[in-house]
Amino acid sequence: MREKIAHPDEIRRWEGEFPVRHRYTPGVAGEAFFTALRERGVLLGSRCANCDYTYVPARLFCERCFSELAADTEVGPDGELVSFTILFEGIEGEPLDLPEAIGAVRLDGADAVLIHRVPDLPDEPLEIGQRVEVVIKPESERTGSILDIEGFRVAD
Ligand SMILES: [Zn+2]
């Protein structure tokens, strides 16, 4: 019989080393996205003309109509904060020294949102609808990872 966890405190946990590794391939469109990010510092999306919808990161096909898409649409670097949350605990429930913000941003030219950190919180509270801009690491520090994006900064 399966256990039914009714309350988060009932979850049992074993500490230890578990030798599991993951290797995830980004796929054709993901490769184009990460290469453009690393080499040119730009964000690539894919536009579906049928659906009048632009995905970001780039996709190989439209998840609405299954049309083949190209990774050829630059979006951002500015956009609109459409949602955010403030974290006071880390992923293991450890308290953070300083709260961190995670934002969902609709970059200019995109319909989908990109979720990333808002690393330097402004003095004023964040607001939905605020203009933000993506902050990308200097070229010498980029590795072709989503962490080549430092996050979003509230635009002046
Ligand atoms: Zn479509």
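Below: a short report on this structure. Since the model is a prediction, treat every value here as computed from it, not as a measurement. Residue positions within a chain follow its written sequence, with the count starting from 1. For this predicted model, a pLDDT threshold of at least 70 governs which residues receive local features, and a threshold of 80 or more governs which side-chain atom pairs are given and counted, while totals over whole chains, interfaces and linings are taken from all residues. For side-chain calculations, the full set of non-hydrogen atoms in the structure is used, while hydrogens and water are omitted.

### Things to note about the packing of aromatic side chains
Pairing of aromatic rings covers Phe, Tyr and Trp, the last through its six-membered ring, and needs centres within 6.5 Å; plane angles under 30 degrees mean stacked, over 60 mean edge-to-face, and all others mean tilted. What the rule picks out here adds up to three aromatic pairs. Between Phe-33 and Phe-34 the ring centres are 5.2 Å apart and the planes differ by 80°, which places this aromatic pair in the edge-to-face class. Per-residue accessibility, obtained with a 1.4 Å probe over protein chains only, is compared with the maximum for each type, and a residue is labelled buried under 20%, exposed over 50%, and partly exposed between these values. On the accessibility criterion, Phe-33 (0% relative accessible area) is buried. For Phe-34, a relative accessible area of 22% translates into the label partly exposed. Ring geometry for Phe-61 versus Phe-66: centroids 6.2 Å apart, planes at 25°, classification stacked. On the basis of relative accessible area, Phe-61 is assigned to the partly exposed category, the value being 45%. The exposure class of Phe-66 is exposed, given its relative accessible area of 62%.

### Some remarks on the coordination of the zinc ion
Protein-derived coordination of the zinc ion comes from Cys-48 (SG), Cys-51 (SG), Cys-62 (SG) and Cys-65 (SG), at a distance range of 2.3 to 2.4 Å. Viewed at the metal, the four donor atoms of the zinc ion are separated by angles of 104 to 114°, and the geometry they form is tetrahedral. Metal sites are built from N, O and S donor atoms within 2.8 Å, or 3.2 Å for Na, K and Ca, and they leave out water, so they may look incomplete. Every donor residue of the zinc ion comes from the same chain, spaced as C-x2-C-x10-C-x2-C. With relative accessibility at 1%, the residue Cys-48 sits in the buried group. A four-donor site is called tetrahedral if each angle lies between 85 and 135 degrees; a four-donor site is square planar, and a six-donor site octahedral, when trans pairs exceed 155 degrees and the remaining angles lie between 65 and 115; all other cases are labelled irregular.

### Thoughts on the sheet that holds strand β5 (residues 95-107)
When DSSP locates at least two bridges between a pair of strands, those strands are taken to pair. Numbering goes from the N terminus for both helices and strands, where a helix is a DSSP run of H or I of at least four residues and a strand is a run of E of at least two. Pairing in this open sheet of five strands is antiparallel, and the strands run β6-β5-β4-β7-β8 from one edge to the other. For this open sheet the edge positions go to β6 (114-118) and β8 (149-154), each flanked by a neighbour on one side alone. For this sheet, the mean angle separating the axes of adjacent strands, direction not counted, is 40°. Of the pairings in the sheet, the one linking strand β4 (residues 78-89) to β5 comprises nine bridges and is antiparallel in character. From the neighbouring strand, Leu-87 faces β5, where its bridge partner is Glu-100. Inter-axis angles, ranging from 0 to 180 degrees, are taken between N-to-C directions of lines fitted to C-alpha atoms, where helices are fitted over the stretch in contact.

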